[in-house]
Amino acid sequence: MPDTQVRQTVEVGYGGNERLMMNMGPQHPSSHGVFRMILTLEGETVVGVDAVIGYLHRCHEKLGETLTYVQYPSIASKTDYVAAMTSELAYVSAVEKVAKIDVPRRAQYLRVVAAELQRIASHCLWLGTWCLDMGGALGGGATVFLYCIREREMVLDRLEELTGARLLYGFHQVGGTRYDIPAGWDVKVRETVDFIERRIDEYEAMLGDNAFFLARTQGVGVISRELAQAVGVSGPLIRGSGVNYDVRRAEPYSSYGDFDFVVPVETAGDCYARYRVRMVEFRQSIRIVRQALEGLPEGPISSRPGVKSVGQVRVPKGEGYARVEGARGEVGCYLVSDGGPKPYRMKWRGASFSNLAVLPHIVPGHKVADVVAIMGSVDPVFGEVDR
Amino acid sequence: MAITLRNLFRRPVTVRYPDVQRAYPDRFRGILALTYDPETGEENCIGCRLCEYICPPQVIKVEMLKAEKRNYAKTFTLELYSCEFCELCVQVCPTDAIIMLKSFDLATADRRDLLLDKDRLHALGLQFEPSWATGNRLRDMQAPPKPARAEAKVEAKGETKEPAE
Amino acid sequence: MTLPPVAQHALEAFVVLNAVILMVTYVTLLERKFAARMQSRIGPYYVGRPHGWLQPIADALKLMIKEDIVPAAADRGVYNLAPVVFLVPCMLIFATIPFAPALGVADLGIGVLFFLAVSSLEIVGLFMGGWGSNNKYALLSAMRAVNQIISYDLPFVFAALVPVVLAGSLQMSVIVAAQQGLWFAFYPVIGQLAFLAYLVATLAAENRVPFDILEAESELVAGFRVEYSGMKFALIQLGEYAHMLGTSFLGALLFLGGWLGPGPAWLGPLWFLGKALLVFLVVTWVRWSFVRIRVDQILAISWKLLLPATLVLLLATGLVVATRGAGGV
């Protein structure tokens with residue numbers, strides 16, 4: 001994008017030529033977090049977007065330098081707080097890669113179960129909030145939202161039985177996981193995913209044939225294949241635009257190679273295509289959870305002793321990058337170590353940060369109402385964007 | 001539309017808190033507390049400060065008091081308003097002194113109520129039901145089995161698994 | 001008792017007005033409980049347990065004691081007058097609704113015409129609110145609202161005229177009497193289609209999802225009402241729900257046979273109330289089931305689909321009546 005377009009003066013007012021500059025400000029019901037968009041409107045059509053981020057910056061990368069490898073995993077969950085398991089997994093995988101620590105197979109399977117359950121929960125939230133944005137807080141959107149939250153609560157209950165926490169788990173540690181499954185948990189998880197599978201059928205029935213829903217999402221926010229690859233989006237955005245790229249297949253981590261699942265790809269590139277991709281991902285996650293629980297090997301859940309002191313994990317000098325397929329795309333962590341108990345430098349690649357970069361390309365030309373539909377289908381979480 | 005009609009006749013899933021409480025799972029990470037040894041009645045905390053060092057937001061402050069047989073904690077303050085409830089302090093405690101409880105009912109209008117001192121922490125420990133997790137149990141769960149201790153480990157796991165059922 | 005006619009009418013009007021306001025406040029509770037059950041939750045239950053009976057009273061009291069904030073840059077006269085101009089037509093429409101053959105404030109000979117004409121005056125109040133607030137969001141929403149309501153008032157009127165043509169009179173009691181044999185909602189083809197068109201047009205004229213682009217809670221929070229607080233907001237809410245209830249009553253009168261129903265004559269008003277609430281619940285059910293559509297799609301539906309359809313329907317009704325012979329059923 002040429003510089004002149006990006007460096008606009010941030011003024012709110014009438015821009016002449018009957019153009020209205022409207023601020024969809026940080027406090028907005030459908031900005032999915034704290035995100036400021038300065039829209040230039042001509043009537044109802046958006047002709048320019050100026051995105052302002054940074055409202056949720058909490059210095060994660062600096063915290064990564066001051067906290068040790070033992071302390072940071074529970075903080076890592078706060079980047080993508082909606083899909084916390086995959087965020088922690090990115091950090092812990094990076095440490096294990098640099099220190100060349102093996103993770104026992106049981107821990108790998110447990111990590112997979114946790115990550116896929118988390119993906120189901122995150123997609124429930126995505127669907128609910130997207131329909132809420134499109135349908136109104138008082139209206140059909142709220143209905144879908146409450147159904148999705150009802151299902152998400154069930155998954156969160158399972159994760160609560162596993163770790164004790166509902167949103168920010170602290171489940172991973174360097175070398176494995178912190179918690180093993182309680183008795184009877186796998187039965188409950190199986191019941192939960194069966195139940196959710198039936199409910200997903202209901203959602204698809206409620207939305208898939210709904211003429212209003214289709215009118216709002218088809219043809220809206222089209223990301224072409226070239227644009228997707230040029231900007232560097234990942235996750236459901238790039239799979240909705242025809243590129244078959246999933247980190248779980250491209251670079252299998254945590255024994256994902258053992259599982260049989262389909263990576264959904266749609267070619268249309270509009271909001272509806274991304275919706276279809278995520279709905280298929282729901283079902284595939286359920287499939288993976290079932291396979292993982294069935295094949296859960298016996299063994300230790302960590303290859304290192306339980307945490308007893310704060311400087312317990314020392315990583316030799318080196319650097320490495322580990323990435324995982326988060327619910328929103330590729331989440332990565334680049335770690336530089338100097339041999340001590342803390343990293344020398346840690347950099348997060350947030351999936352939503354790269355995904356948001358596509359907005360100035362696809363929003364102009366649409367109406368104001370489409371902006372919310374597009375934001376919802378891009379599904380950013382600002383913990384990842386601002387870190 | 002048929003879906004909403006069908007849901008009209010399903011039971012609502014609301015839990016009428018605070019009239020009705022839901023059942024918390026065994027491992028619930030609630031508010032923190034200090035414990036007494038059930039046999040001798042003494043405080044478990046030896047003031048070793050491991051929890052203070054590991055806490056990511058550094059909310060724990062401990063002063064050690066040396067005595068003949070064992071050490072104690074002279075003061076133990078925990079700033080619950082900044083606590084992340086990550087359970088790392090519970091994990092590292094060598095004497096299972098600090099634990100988490102199955103409750104989070106401590107909402108207050110004054111932040112100073114959440115600056116817990118040692119007496120308050122002990123009182124909380126007696127007031128609410130403790131969670132399953134203690135330092136030794138968590139470390140046993142995580143440690144890879146050494147060949148010599150494999151059997152003892154299985155026993156310990158068997159014991160500690162029962163309360164979770 | 002022998003009161004002079006003016007005092008008698010004033011008393012009737014007073015009673016009806018209060019009854020309407022009470023009904024409107026409790027209809028909000030009905031909507032909230034109904035919507036809640038459809039969403040697997042309970043809705044208001046705490047205030048006035050176990051069913052939240054006192055919730056509307058609590059809401060009304062809360063709004064009355066709230067601070068009345070007027071934006072500094074607002075156009076005072078227009079801003080302050082807007083809720084009143086919005087509310088008055090919405091209340092006035094109840095004057096023409098008869099609850100039973102002789103029970104009503106004024107059973108005008110041109111009842112339906114009066115209703116339709118007065119109910120579309122609320123747009124003026126709406127636009128005044130959006131303009132007077134001096135707020136870009138409010139203005140945007142008010143412009144959308146004028147667009148939408150004007151576009152949908154036409155199909156609304158035409159759909160409402162179908163029973164008028166079938167019954168041969170604009171007077172509401174005559175229309176109800178003409179439904180003795182068969183309610184107009186079940187009248188083959190033209191009645192059923194007209195009822196459907198009436199419901200759709202009601203949704204749009206009331207700014208209900210899927211046509212609530214006016215308020216679009218998640219885009220332009222609360223639309224033209226965004227700058228109103230306290231009692232003025234209460235008046236606007238009252239007006240909206242009163243209009244909603246008024247069109248439900250009209251629907252029940254025109255299409256569902258008003259007070260006709262099995263049983264003694266004094267049961268009539270209860271049947272009428274029940275039918276109006278049924279229309280209201282159907283509209284609410286639709287509202288809580290669908291996402292909204294964009295404003296250009298809304299206008300496209302109105303001008304390209306609904307208006308031609310209702311025009312054709314009206315012509316067809318005229319043909320049917322002419323071939324059947326002049327007069328009622």
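Residues numbered from 1 in each chain as written. Chains lettered and ligands numbered in written order. Predicted model: local features only at pLDDT ≥ 70, side-chain atom pairs only at ≥ 80, totals over all residues. Heavy atoms only, no water.

### Quick word on the overall build of chain C
Here comes step 1: Helix and strand counts for chain C stand at 11 helices and zero strands.
Here comes step 2: Secondary structure of chain C in N-to-C order comes out as α-α-α-α-α-α-α-α-α-α-α.
Here comes step 3: Here chain C has a C-alpha radius of gyration of 20 Å; the compact-globule value for 329 residues is 20 Å, and the two agree.
Here comes step 4: Summarising the internal contacts of chain C: among those between residues at least 6 apart in sequence, 75% fall at separations of at least 24. (Helix = DSSP H or I, 4+ residues; strand = E, 2+ residues; numbered from the N terminus. Rg over C-alpha atoms; globule rule 2.2 N^0.38 Å. Contact = heavy atoms within 4.5 Å.)

### Looking at the sheet that holds strand β2 (residues 60–65) of chain B
Residues and elements named next belong to chain B.
Here comes step 1: The antiparallel open sheet is built from three strands, whose spatial order is β2-β3-β5. If you trace the sheet from one side to the other, it starts and ends with β2 and β5 (115–116), each paired once.
Here comes step 2: Across six bridges, the pairing between β2 and strand β3 (residues 72–79) is antiparallel. In the strand pairing of β3, V62 is matched with F76. (Pairing = 2+ DSSP bridges.)

### Concerning the interface of chain A and chain B
Here comes step 1: With 44 residues of chain A at the contact, the number on the chain B side is 32 residues.
Here comes step 2: Summing the contributions of chain A and of chain B, the shared interface buries around 3000 Å²; its carbon and sulfur component is 55%.
Here comes step 3: Run the count over chain A and chain B and you get one salt bridge.
Here comes step 4: Across the pair E84(B) and K78(A) runs a salt bridge, and its minimum N-O distance is 4.0 Å. (Buried area = accessible area lost by both parts, 1.4 Å probe. Salt bridge = Lys/Arg side-chain N within 4 Å of Asp/Glu carboxyl O.)

### Brief notes about the pattern of salt bridges
Residues and elements named next belong to chain A.
Here comes step 1: For the coordinates displayed, the defined rule picks out 43 salt bridges over all chains.
Here comes step 2: R111 is the partner of E96 in a salt bridge, and the nearest nitrogen-oxygen pair spans 2.7 Å. With E96 in helix α4 (residues 84–99) and R111 in helix α5 (residues 105–135), this residue pair connects regions lying 15 residues apart in the sequence. Assigned by exposure class, E96 and R111 land together as buried.
Here comes step 3: The partner of E202 in a salt bridge is R199, with the nearest N and O atoms 4.0 Å apart. Residue E202 and its partner R199 are located together in helix α7 (residues 185–208), separated by three residues, close to a single helical turn.
Here comes step 4: Accessibility expressed as a relative area gives 8% for E202, which makes it buried.
Here comes step 5: Accessibility expressed as a relative area gives 9% for R199, which makes it buried.
Here comes step 6: If you follow the salt bridges from partner to partner, you end up with E116, R119, R239, D246, R248, E281 and E325 in one network. (Buried < 20%, exposed > 50% of the residue type's maximum accessible area, 1.4 Å probe, protein only.)

### Comments concerning the nonpolar core
Here comes step 1: Among the nonpolar cores identified, the biggest contains 151 residues, and Y91(A), L117(A), L127(A), F76(B) and L78(B) are the most heavily contacted of them.
Here comes step 2: Ranked by the residues each element gives to this core, the list is headed by α5(A), at 15 residues.
Here comes step 3: Counting 68 residues, the second-largest nonpolar core is a separate cluster that includes F184(C), A185(C), A201(C) and A204(C). (Core = buried A, V, L, I, M, F, W, Y, C linked by side-chain atoms within 4.5 Å.)

### A short note on helix α11 (residues 295–324) of chain C
Here comes step 1: Its 30 residues give α11(C) an end-to-end C-alpha distance of 41 Å, which sits within 8% of 44 Å, the value for a rise of 1.5 Å per residue.
Here comes step 2: Along α11(C), the sharpest kink reaches roughly 35°, centred on L306(C) and followed within four residues by the proline P308(C).
Here comes step 3: Where the residues of α11(C) are buried, they touch α8 (211–217) of chain A together with α6 (136–167) and α8 (190–205) of chain C. (Expected span 1.5 Å × (residues − 1). Bend = angle between axes of the 7 residues up to and from the residue.)

### Details of the sheet that holds strand β1 (residues 19–24) of chain A
Residue and element names in this part refer to chain A.
Here comes step 1: Here we have three strands laid out as an open sheet, ordered β1-β2-β3, and antiparallel in their pairing. Every interior strand has two partners, whereas the edge strands, β1 and β3 (45–52), have only one. Taken over all neighbouring pairs, the strand axes of this sheet differ in orientation by 20° on average, direction set aside.
Here comes step 2: Of the strand pairs in this sheet, β1 and strand β2 (residues 36–42) are connected by six bridges, and their pairing is antiparallel. In the sheet register, M24 faces β2, and the bridge partner there is M37.
Here comes step 3: Against the sheet, helix α15 (residues 368–378) contacts β1, β2 and β3, and its axis sits at roughly 145° relative to β2. (Axes fitted to C-alpha atoms, helices over the stretch in contact; angles between N-to-C directions.)

### Focus: the packing of helix α3 (residues 76–92) of chain C against helix α9 (residues 230–255) of chain C
For any two helices packed against each other, the geometry is given by the interaxial angle and the distance between the axes.
All names here are of chain C.
Here comes step 1: Contact geometry of α3 with α9 gives a least axis separation of 8 Å together with a crossing angle of 25°. Judged on the interaxial angle alone, α9 and α3 are roughly parallel. For the crossing formed where α3 meets α9, the hand is left-handed. Two secondary-structure elements touch here, α3 through Y79, N80, P83, F86, L87, C90 and M91 and α9 through K232, L235, I236, L238, G239, E240, A242 and H243.
Here comes step 2: Taken together, the residues that form the contact of α3 with α9 break down as 10 nonpolar, three polar and two charged. (Parallel < 35°, antiparallel > 145°, perpendicular 65-115°, else oblique. Left-handed = near helix turned anticlockwise from the far one by under 90°. Nonpolar A, V, L, I, M, F, W, Y, C, P; charged D, E, K, R; others polar.)

### A short note on the environment of L199(C)
Residues and elements named next belong to chain C.
Here comes step 1: Inspection of the secondary structure assignment puts L199 in helix α8.
Here comes step 2: Judged by relative accessible area, L199 falls into the buried class, the value being 15%.
Here comes step 3: Considered as a pair, L199 and V282 are 83 residues apart in the sequence and their alpha carbons are 8.7 Å apart.
Here comes step 4: For L199, the contacting residues outside a window of four places in its chain are V279, V282 and V283.

### Points about the confidence of the model for chain C
Residues and elements named next belong to chain C.
Here comes step 1: Summarising the model, chain C shows a mean pLDDT of 81, and 93% of its residues fall at 70 or more.
Here comes step 2: In the model of chain C, helix α7 (residues 172–177) stands out as the element of lowest mean pLDDT, 82, in contrast to α3, which has the highest, 88.
Here comes step 3: Both confidence scores are given for the complex: pTM 0.83, ipTM 0.77. (pLDDT = per-residue confidence, 0-100.)

### Here we look at the packing of aromatic side chains
Here comes step 1: One pass over the structure, following the stated rule, counts 22 aromatic pairs over all chains.
Here comes step 2: Note on F156(C) and Y198(C): the rings are 5.2 Å apart at their centroids and 25° apart in plane angle, and the pair reads as stacked. Of this pair, F156(C) sits in helix α6 while Y198(C) is found in helix α8, placing the two residues 42 residues apart along the sequence.
Here comes step 3: Their ring planes at 45° and their centres at 5.2 Å tell us that F249(C) and F272(C) sit as a pair that is tilted. Linking F249(C) in helix α9 with F272(C) in helix α10 (residues 268–287), this pair joins segments that are 23 residues apart in sequence. The exposure classification of F249(C) matches that of F272(C), with both residues buried.
Here comes step 4: One aromatic cluster in this structure is built from Y109(A), Y253(A), Y256(A), F259(A) and F261(A).
Here comes step 5: The aromatic ring of W132(B) is capped on one face by R27(B), whose charged end is 5.1 Å from the ring centroid. (Phe/Tyr/Trp six-rings, centres within 6.5 Å; stacked < 30°, edge-to-face > 60°. Lys NZ or Arg CZ within 6 Å of the ring centre and 35° of its normal.)

### What about the pairing of β2(A)?
Residues and elements named next belong to chain A.
Here comes step 1: Counting buried positions along β2 yields six of seven residues, so the element is predominantly enclosed.
Here comes step 2: For β2 and β3, the ladder comprises seven bridges, and the chain directions are antiparallel. Paired with M37 across the strands is A51, a residue of β3.

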